[in-house]
Amino acid sequence: MKYILSILLLLVISKAFSQTLSNGCQAYYKLDESSVLYGAADATGHVASATISSGVTINLPGHINTAYLFNGATGIVTAGSSPYLQLDSAGTYSVWVYFPTNVPKSATNDMQVMGTNDYNQDTSGVNILYDATGSAYAGYYFKAQLANATTHQTVEFKNSTGGDSIKANTWYHLVLTWDGTTIKTYRNDTLMETSGQAVIPTKRSTNFTIGASNTAGVYPYNTWFNGRIDEVGLWNRVLGASG
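Residues numbered from 1 in each chain as written. Predicted model: local features only at pLDDT ≥ 70, side-chain atom pairs only at ≥ 80, totals over all residues. Heavy atoms only, no water.

K.L.:
Tell me about the overall build of the protein, and please be specific about residues and values.
P.N.:
Within the protein, the regular secondary structure consists of 2 helices and 15 strands. Within the protein, contacts between residues at least 6 apart in sequence are counted, and of these 64% link residues at least 24 apart. Counting only carbon and sulfur atoms, one obtains 49% of the accessible surface of the protein, whose full area is about 9900 Å². (Helix = DSSP H or I, 4+ residues; strand = E, 2+ residues; numbered from the N terminus. Contact = heavy atoms within 4.5 Å. Areas by Shrake-Rupley, 256 points an atom, 1.4 Å probe, with all protein chains shown as cover.)

Have a look at this one:
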């Protein structure tokens, strides 16, 4: 995993993608904009700039350069439904997240970080979420969901023994990989879960979003994220030691 994180670090600090790193990179949002006028740019150039809603504050300290702050009520970045943003048989999601003051807690709702699937529905797609309900044995944590229009599979970014709840004022790097056989989750350089892949996500012509799901404003799917997000990337392959 250290090799994977090194690759990702090189990716975000370079002015141009190397041939190896650009291989399979579908979109990469650095979220370094100083103005909302032109939206959130995709560094690969594959996808038109994403729309930034009024509930997002830009140009705040990020893990690398600057990040976006989502207000937990109306903040969302909508990147559209380009085929580059729709992954199926194999892929990698990577994102940095941060809660600046308090770790959000909710009795009913989780919070979507990034993805195409509508959380709590067996629609198609992949997403990463923050479990704000505290209903599981380890309190509050990040998880991912892969869905194929009939069912879904959930994996977690936490220790199998629990006891590792998320803390405020800490950057968390989340990496999700799947190859049709195995799903893996990593958090801050550490492999958190390895599971056999039971669901192959199917592509759908819906928006890829950051900070909320496509159904964020439709009860009971109020999945607005409340915190900072930085360096959002997705690949149509599993990143490995050789890139």
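On we go from here.
K.L.:
Quick one: what's the story with unusual backbone geometry, residue by residue and with numbers?
P.N.:
For Leu31, which is not glycine, the phi torsion reads 60 degrees and is therefore positive. By the secondary structure assignment, Leu31 is in the loop between β1 (25-29) and β2 (51-52). By relative accessible area, which is 1% here, Leu31 ends up buried. Residues other than glycine seldom take positive phi values, yet Asn59 does so here, at roughly 65 degrees. For Asn59, the location among the structural elements is in strand β3 (residues 56-61). (Buried < 20%, exposed > 50% of the residue type's maximum accessible area, 1.4 Å probe, protein only.)

K.L.:
So what about the packing of aromatic side chains? Which residues, and what values?
P.N.:
Evaluated as defined, the whole model comprises 10 aromatic pairs. By the ring-pair criterion, three or more aromatic residues cluster together here, those being Phe99, Tyr130, Phe142, Tyr172 and Phe225. The ring of Tyr141 carries Lys158 above its face, with NZ or CZ at 3.5 Å from the centroid. (Phe/Tyr/Trp six-rings, centres within 6.5 Å; stacked < 30°, edge-to-face > 60°. Lys NZ or Arg CZ within 6 Å of the ring centre and 35° of its normal.)

K.L.:
I'd like a rundown of the nonpolar core, residues and numbers included.
P.N.:
Tyr29 and Phe142 are the most contacted members of the largest nonpolar core, which totals 45 residues. In this structure, Phe142 is in contact with Val97, Phe99, Val113, Leu129, Tyr130, Glu156, Phe157, Ile166, Tyr172, Leu174 and Phe225, ignoring residues within four places of it in sequence. (Core = buried A, V, L, I, M, F, W, Y, C linked by side-chain atoms within 4.5 Å.)

K.L.:
Give me the lowdown on the environment of Ile183, citing residues and values where you can.
P.N.:
In this structure, Ile183 sits in strand β12 (residues 182-187). Judged by its relative accessible area of 0%, Ile183 is buried. The spatial distance from the C-alpha of Ile183 to the C-alpha of Thr92 is 9.9 Å, given a sequence separation of 91 residues. Ignoring sequence-local partners within four residues, the contact set of Ile183 consists of Leu146, Gln153, Val155, Leu176, Thr177, Trp178, Glu193, Thr194, Ser195 and Gln197.

K.L.:
Before we move on, could you go through the pattern of salt bridges and cite the residues and values that matter?
P.N.:
Inspection of the entire model under this criterion finds 4 salt bridges. Linking Asp88 and Lys203 is a salt bridge whose minimum nitrogen-to-oxygen distance equals 3.9 Å. Here the residue Asp88 occupies a position in the loop between β5 (77-78) and β6 (91-98), and Lys203 occupies one in the loop between β13 (190-196) and β14 (209-210), the gap between them amounting to 115 residues. Measuring nitrogen to oxygen at the nearest pair gives 3.3 Å for the salt bridge that ties Asp131 to Lys143. A residue pair is termed long-range when its members are at least 10 positions apart, and Asp131 in strand β8 (residues 124-136) and Lys143 in strand β9 (residues 139-148) qualify at 12 residues. We note that Asp131, like Lys143, is buried. One network of salt bridges, in which partners are shared, links Asp110, Asp131 and Lys143. (Salt bridge = Lys/Arg side-chain N within 4 Å of Asp/Glu carboxyl O.)

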